[in-house]
Amino acid sequence: MAMINCSESECNNRVSDQAVACPKCGCPVRTSEVDGLRFEYEKRQRRIQILYAELADRNHVQDSIDETMRRWPDNDDIRTSSLENQRIVMDRIFEIFSSIADAEREMAEIQKALDAKSR
Ligand SMILES: [Zn+2]
């Protein structure tokens, strides 16, 4: 039995070469290149699901900020802090969209590599 580096690029774990999968990240051990690519693809699919869930959550936060401003239209303190909170939420929403776009671009690249292997 030997310890090898996990084949997942972002995971620096050492894994037994007898193991089925890395205990830290779940990447299959002694994986074929195609299995490795599929794993990378699915990992990004899961990341996108999580990002969409966070996006929905941020949209709820935004709704409640809007509701607060509607309820106290003449309170300058509430208005100032609400606008600042809105800016923070918007920044995060832009980050989420850009992360989703990155993951989708990477998935298209991985898919291209998988298509090339199956030809
Ligand atoms: Zn790993």
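It should be emphasised that the depicted structure is a prediction, and the values quoted were computed from it without experimental measurement.

(A) Representation of the overall build of the chain. Looking only at helices and strands, one finds 2 helices and 2 strands in the chain. Ordered by position from the N terminus, the helices and strands of the chain form the series β-β-α-α. The globule rule puts the C-alpha radius of gyration for 119 residues at 14 Å, and the 22 Å found for the chain is more than 25% above it. Reported as C-alpha extents along the three principal axes, the dimensions of the chain are approximately 70 × 35 × 15 Å. Counting over 119 residues, the chain shows a buried share of 5%. Sequence separation of 24 or more characterises 38% of the internal contacts of the chain that already satisfy a separation of 6 or more.

(B) Representation of the environment of Glu-95 in the model. Inspection of the secondary structure assignment puts Glu-95 in helix 2 (residues 76-118). In this structure the C-alpha to C-alpha distance between Glu-95 and Val-15, which are 80 residues apart in sequence, comes to 33 Å.

(C) View of the domain arrangement of the chain. Domain assignment breaks the chain into domain 1 (1-30) and domain 2 (32-118). Between domain 1 and domain 2, the C-alpha centre-to-centre distance is 29 Å.

(D) The arrangement of the packing of helix 1 (residues 33-71) against helix 2 in detail. Here helix 1 crosses helix 2 at 160°, and the two axes come no closer than 9 Å. By the angle between their directions, the pair helix 1 and helix 2 is classed as roughly antiparallel. As for how helix 1 packs across helix 2, the hand of that crossing is left-handed. Classifying every residue of the contact of helix 1 with helix 2 by side-chain character gives 19 nonpolar, 7 polar and 10 charged.

(E) The environment of Val-15, seen in detail. Mapping Val-15 onto the fold places it in strand 2 (residues 14-16). Sequence separation of Val-15 and Asn-5 is 10 residues, and the distance between their C-alpha atoms is 6.1 Å. When sequence neighbours within four positions are dropped, the list of residues in contact with Val-15 reads Met-3, Ile-4, Cys-6, Cys-22 and Val-29.

(F) Highlighting the environment of Val-61. Along the chain, the position of Val-61 falls in helix 1. Residue classification places Val-61 among the partly exposed positions, given that 15 C-beta atoms sit within 10 Å. Residues Val-61 and Val-89 lie 28 residues apart in sequence; the distance between their C-alpha atoms is 7.7 Å.

Parameters and conventions
- Residues numbered from 1 in each chain as written.
- Predicted model: local features only at pLDDT ≥ 70, side-chain atom pairs only at ≥ 80, totals over all residues.
- Helix = DSSP H or I, 4+ residues; strand = E, 2+ residues; numbered from the N terminus.
- Rg over C-alpha atoms; globule rule 2.2 N^0.38 Å.
- Buried ≥ 20, exposed ≤ 12 C-beta atoms within 10 Å, placed from the backbone.
- Contact = placed C-beta atoms within 7 Å.
- Domains from an automatic or database assignment.
- Axes fitted to C-alpha atoms, helices over the stretch in contact; angles between N-to-C directions.
- Parallel < 35°, antiparallel > 145°, perpendicular 65-115°, else oblique.
- Left-handed = near helix turned anticlockwise from the far one by under 90°.
- Nonpolar A, V, L, I, M, F, W, Y, C, P; charged D, E, K, R; others polar.

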